[in-house]
Amino acid sequence: IDIPRIPLTGGVALPQVGLGVFQIPPGDTADIVRTALAAGCRHVDTAQMYRNEEGVGQGIRDSGVPREDVFVTTKLANDAHGHDNAITALEGSLQRLGTDYVDLYLIHWPLPAKDKFARTWEAFEELQRAGKTRAIGVSNFRPVDLDRLAEEGGAVPAVNQIELHPLFRQPEAERYHRAHGIVTEAWSPLAQGDVLGAEVLTDLAAKHGRTAAQIVLAWHVLRGRVVFPKSAHPDRIRENLDVADIELDEAELAAIDGLDEGRRTGPDPATFQG
Ligand code: NAD
């Protein structure tokens, strides 16, 4: 299966489509990860707060795919901000994953009211230098938070993982990322399934002989984003990985852009306290 990759600073190549495991029960995770890898997936997005890192590590080992061929992302839990806590937190994640490095480590939420993320980021830079993570990035950071990191003299995050789907497109955030060389990862890329009945999408699906989910994922990929839709069903997992050959022209992409309602499905990073 053909899955395009985006090079990150430091020589790591990030597969543009992967598997997200938020809300996959810990006991089911190894099986689902193994199924995805067997279907050609080489990118898994987990987090300390998802409580399924052990299953992710087990699934990778069970798959027989060499560890170095899988791009593994995990994220710092909201209660682990601060320099020393962050160092300890990644050590715990590595133990649960059963690996000695991850490919990408993210600050899960900025929690601006706590005002700790800049100090946390210093620890992330140390963890990268120590080889515990190949790349470092952030999640749910607003442009104002990214400006703050820059003012503190920190390295530019390789990626920012934000809520982004046809109903909530955040074009100003994406413009900021592009201007600063930050890769945009789109979480809830399918709006948790809520957008798939939109007529624009069902029409495009019929026209291209694909599913509405595939059309949305192809739109993300063609717009240069990274996605890791969540599914626990083998047929949907395979369907979601198989989108790189879908050709949408600019008018079709713009029609999907036009579904934007500025409507979040998740928390607002400005006020979310963890
Ligand atoms: P999603 O947009 O991936 O939607 C998943 C849901 O869409 C599934 O539960 C299913 O109902 C439906 N679906 C999936 N594939 C389908 C298909 N082929 N056909 C029809 N319906 C289909 O939403 P998500 O799970 O919230 O997000 C994906 C990943 O993003 C998560 O697993 C996680 O890794 C990441 N995420 C990160 C954050 C963050 O704060 N950084 C927050 C939420 C999610």
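Residues numbered from 1 in each chain as written. Predicted model: local features only at pLDDT ≥ 70, side-chain atom pairs only at ≥ 80, totals over all residues.

The name an unreviewed UniProt entry gives the protein is Diketogulonate reductase-like aldo/keto reductase, with Amycolatopsis sulphurea as the organism. What the UniProt record of the protein gives under Sequence similarities (unreviewed entry) is the line "Belongs to the aldo/keto reductase family." (UniProt positions renumbered as here; feature names shortened; annotations may be inferred.)

Engineer: Can you lay out the overall build of the protein for me, pointing to particular residues and giving the numbers?
Structural biologist: Secondary structure summary: the protein contains ten helices and ten strands in total. For 274 residues, the compact-globule estimate of 2.2 N^0.38 gives 19 Å, and the protein sits close to it at 18 Å. Dimensions of the protein, computed from the C-alpha atoms along their principal axes, are close to 55 × 40 × 30 Å. Looking at the 274 residues of the protein, the share that counts as buried comes to 47%. (Helix = DSSP H or I, 4+ residues; strand = E, 2+ residues; numbered from the N terminus. Rg over C-alpha atoms; globule rule 2.2 N^0.38 Å. Buried ≥ 20, exposed ≤ 12 C-beta atoms within 10 Å, placed from the backbone.)

Engineer: Go over the site of the ligand with me, naming the residues and quoting the values.
Structural biologist: Lining the immediate environment of the ligand, one finds 26 residues, of which G20, F22, L190, G193 and K230 sit closest. Here the shell around the ligand takes three residues from helix α9 (residues 234–241), the largest share from any one element. Here the residues of the shell around the ligand are counted per class, giving ten nonpolar, twelve polar and four charged. (Near = placed C-beta within 6 Å. Nonpolar A, V, L, I, M, F, W, Y, C, P; charged D, E, K, R; others polar.)

Engineer: Account for the UniProt feature "active site" (unreviewed entry) in the protein, with residues named and values stated.
Structural biologist: The feature "active site" (unreviewed entry), as given by UniProt, occupies Y50 in the numbering adopted here. Within the element layout of this structure, Y50 appears in the loop between β4 (43–45) and α2 (53–63). Given 21 C-beta atoms within 10 Å, Y50 falls into the buried group. Those residues in contact with Y50 that lie beyond four places of it in its chain are V21 and F22. (Contact = placed C-beta atoms within 7 Å.)

Engineer: Please set out the confidence of the model for the protein residue by residue, giving values where relevant.
Structural biologist: When pLDDT is averaged across the protein, the result is 97; 100% of the residues are at 70 or more. Per the prediction output, this complex has pTM 0.98; the corresponding ipTM is 0.99. (pLDDT = per-residue confidence, 0-100.)

Engineer: Please give an account of α2 that cites residues and values.
Structural biologist: Listed as buried for α2 are E53, G55, V56, G57, G59 and I60. If you follow the buried residues of α2, they end up packed against α1 (26–38), β4, β5 (71–76) and α3 (83–97). Positive backbone phi, at 80°, marks G64, one or two positions downstream of α2.

Engineer: Quick rundown of the UniProt feature "binding site: substrate" (unreviewed entry) in the protein? Include the residues and the values.
Structural biologist: The sites that carry the UniProt feature "binding site: substrate" (unreviewed entry) are, in the present numbering, H108. Mapping H108 onto the fold places it in the loop between β6 (102–107) and α4 (117–129). Owing to 21 C-beta atoms within 10 Å, H108 belongs among the buried residues under this scheme.

Engineer: How would you summarise the nonpolar core if you had to cite specific residues and measurements?
Structural biologist: Among the nonpolar cores identified, the biggest contains 75 residues, and L19, V33, Y105, F124, V216 and L217 are the most heavily contacted of them. Among the elements that take part in this core, helix α8 (residues 212–222) stands out by supplying nine residues, more than any other. The residues contacting L217, other than those within four sequence positions of it, are V17, P189, V227, P229, N240 and V243. (Core = buried A, V, L, I, M, F, W, Y, C linked by C-beta atoms within 7 Å.)

Engineer: Can you explain the packing of helix α7 (residues 199–208) against α8? Please cite residues and give values.
Structural biologist: In the contact formed by α7 and α8, the axes pass within 8 Å of each other and the chain directions differ by 95°. Here α8 runs roughly perpendicular to α7, going by the angle between their axes. When α7 is examined against α8, the residues L201, T202, L204, A205 and H208 are found in contact with a partner set consisting of A212, I215 and V216. Partitioning the contact of α7 with α8 into residue classes produces six nonpolar, two polar and no charged. (Axes fitted to C-alpha atoms, helices over the stretch in contact; angles between N-to-C directions. Parallel < 35°, antiparallel > 145°, perpendicular 65-115°, else oblique.)

Engineer: Could you give me a rundown of the sheet that holds β5, with the residues and numbers involved?
Structural biologist: Read across the sheet, eight strands follow the order β3-β4-β5-β6-β7-β8-β9-β10 without closing on themselves; strand pairing throughout is parallel. The sheet terminates laterally at β3 (19–20) and β10 (226–227), the two strands that pair on one side only. Direction of pairing for β5 relative to β6: parallel, over a ladder of four bridges. Note on β6: the bridge partner recorded for T74 is Y105. (Pairing = 2+ DSSP bridges.)

Engineer: Which residues make up the environment of E172, and what values go with them?
Structural biologist: For E172, the position within the fold is in helix α6 (residues 171–180). For E172, a count of 10 C-beta atoms within 10 Å puts it in the exposed group.

Engineer: How would you sum up unusual backbone geometry? Please name residues and give values.
Structural biologist: Its identity as a non-glycine residue notwithstanding, R51 has a phi of 60°, on the positive side. For R51, the location among the structural elements is in the loop between β4 and α2. Although it is not a glycine, D115 adopts a positive phi angle of roughly 55°. As for its position among the elements, D115 is in the loop between β6 and α4. Taking the number of C-beta atoms within 10 Å as the measure of exposure, D115 has 11 and is therefore exposed.

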